[in-house]
Amino acid sequence: MTQSQLGRPTKLDKEAIAASLAGLPGWTLRADGTAIVKGFRFKDFNEAFGFMTRVALLADRIDHHPEWFNVYNRVDVVLNTHDAGGVTSLDIQMALFMEQAAG
Ligand SMILES: C[C@H](O)[C@H](O)[C@H]1CNC2=NC(N)=NC(=O)C2=N1
């Protein structure tokens, strides 16, 4: 089953996002309130790209794709659900997975 068949995720309000971020070290709500962000730092490019590869496989499976910017060992991530115009439970799930994938 694909994500689109599961229905549209609903936008989380500020309080719900803050509660979720309490369990996500380093993640913050972007100033405009429509995305959660984190800058990951790895040992080198190989570690960074391994992380991105693990995340990419999940992202495509759940049809929820991160916005990210990579230079060498840096991966700056922006998560939001454009279909919903803000942060949803999908973004929280993705952030939790990224924490695991970062090791
Ligand atoms: C048509 C397709 O299912 C949508 O565009 C999906 C794809 N990946 C997505 N990724 C993210 N981050 N947000 C979305 O709203 C989204 N929508």
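Residues numbered from 1 in each chain as written. Predicted model: local features only at pLDDT ≥ 70, side-chain atom pairs only at ≥ 80, totals over all residues.

A. Fine view of the overall build of the protein chain. Along the backbone of the protein chain there are three helices and four strands. When the helices and strands of the protein chain are listed from N to C terminus, the series reads α-β-β-α-β-β-α. Taking 2.2 N^0.38 as the reference for a compact globule, 103 residues should give roughly 13 Å; the C-alpha atoms of the protein chain span a radius of gyration of 13 Å, in line with that estimate. For the protein chain, the spread of C-alpha atoms along the principal axes amounts to about 35 × 30 × 20 Å. (Helix = DSSP H or I, 4+ residues; strand = E, 2+ residues; numbered from the N terminus. Rg over C-alpha atoms; globule rule 2.2 N^0.38 Å.)

B. Expanded view of the site of the ligand. Close to the ligand lie seven residues, the nearest being His64, His65, Thr81, His82 and Asp83. Residues belonging to the shell around the ligand are distributed by class as follows: no nonpolar, five polar and two charged. (Near = placed C-beta within 6 Å. Nonpolar A, V, L, I, M, F, W, Y, C, P; charged D, E, K, R; others polar.)

C. Highlighting the sheet that holds strand β1 (residues 28-29). Taken in spatial order, the four strands line up as β1-β2-β4-β3 in an open sheet, and their pairing is antiparallel. A strand with exactly one partner marks an edge of an open sheet, and here the two such strands are β1 and β3 (67-71). Here two bridges tie β1 to strand β2 (residues 36-41), and the two strands are oriented antiparallel to one another. Looking across to β2, one finds that Thr28 is bridged to Val37. Helix α2 (residues 45-62) rests against β2, β3 and β4 (74-79) of the sheet, and its axis sits at about 25° to β4. (Pairing = 2+ DSSP bridges. Contact = placed C-beta atoms within 7 Å. Axes fitted to C-alpha atoms, helices over the stretch in contact; angles between N-to-C directions.)

D. Molecular detail of the pairing of β4. Residue alternation in β4 divides its side chains into a buried set, Val75, Val77 and Leu79, and an unburied set, Arg74, Asp76 and Val78. Here six bridges tie β2 to β4, and the two strands are oriented antiparallel to one another. Within β4, the residue paired with Ile36 across the bridge is Leu79. Alignment of β3 against β4, held across five bridges, turns out to be antiparallel. Bridged to Phe69 within β4 is Asp76. In textbook terms, the turn of a hairpin is the stretch between consecutive antiparallel strands, and for β3 and β4 this stretch comprises two residues, one of which, Tyr72, has a positive phi near 50°. (Buried ≥ 20, exposed ≤ 12 C-beta atoms within 10 Å, placed from the backbone.)

E. Broad picture of α2. For α2, built from 18 residues, the straight-helix expectation of 26 Å at 1.5 Å per residue is met to within 8% by its first-to-last C-alpha distance of 26 Å. Contacts made by the buried residues of α2 are with β2, β3, β4 and α3 (89-101). Directly after α2, the chain includes Asp63, whose backbone phi takes a positive value near 55°. (Expected span 1.5 Å × (residues − 1).)

F. Region of interest: unusual backbone geometry. For Asp63, which is not glycine, the phi torsion reads 55° and is therefore positive. Mapped onto the elements of the fold, Asp63 is located in the loop between α2 and β3. According to the C-beta neighbour criterion, Asp63 is partly exposed, with 13 such atoms within 10 Å. Positive phi, close to 50°, is recorded for Tyr72, a residue that is not glycine. Here Tyr72 is to be found in the loop between β3 and β4.

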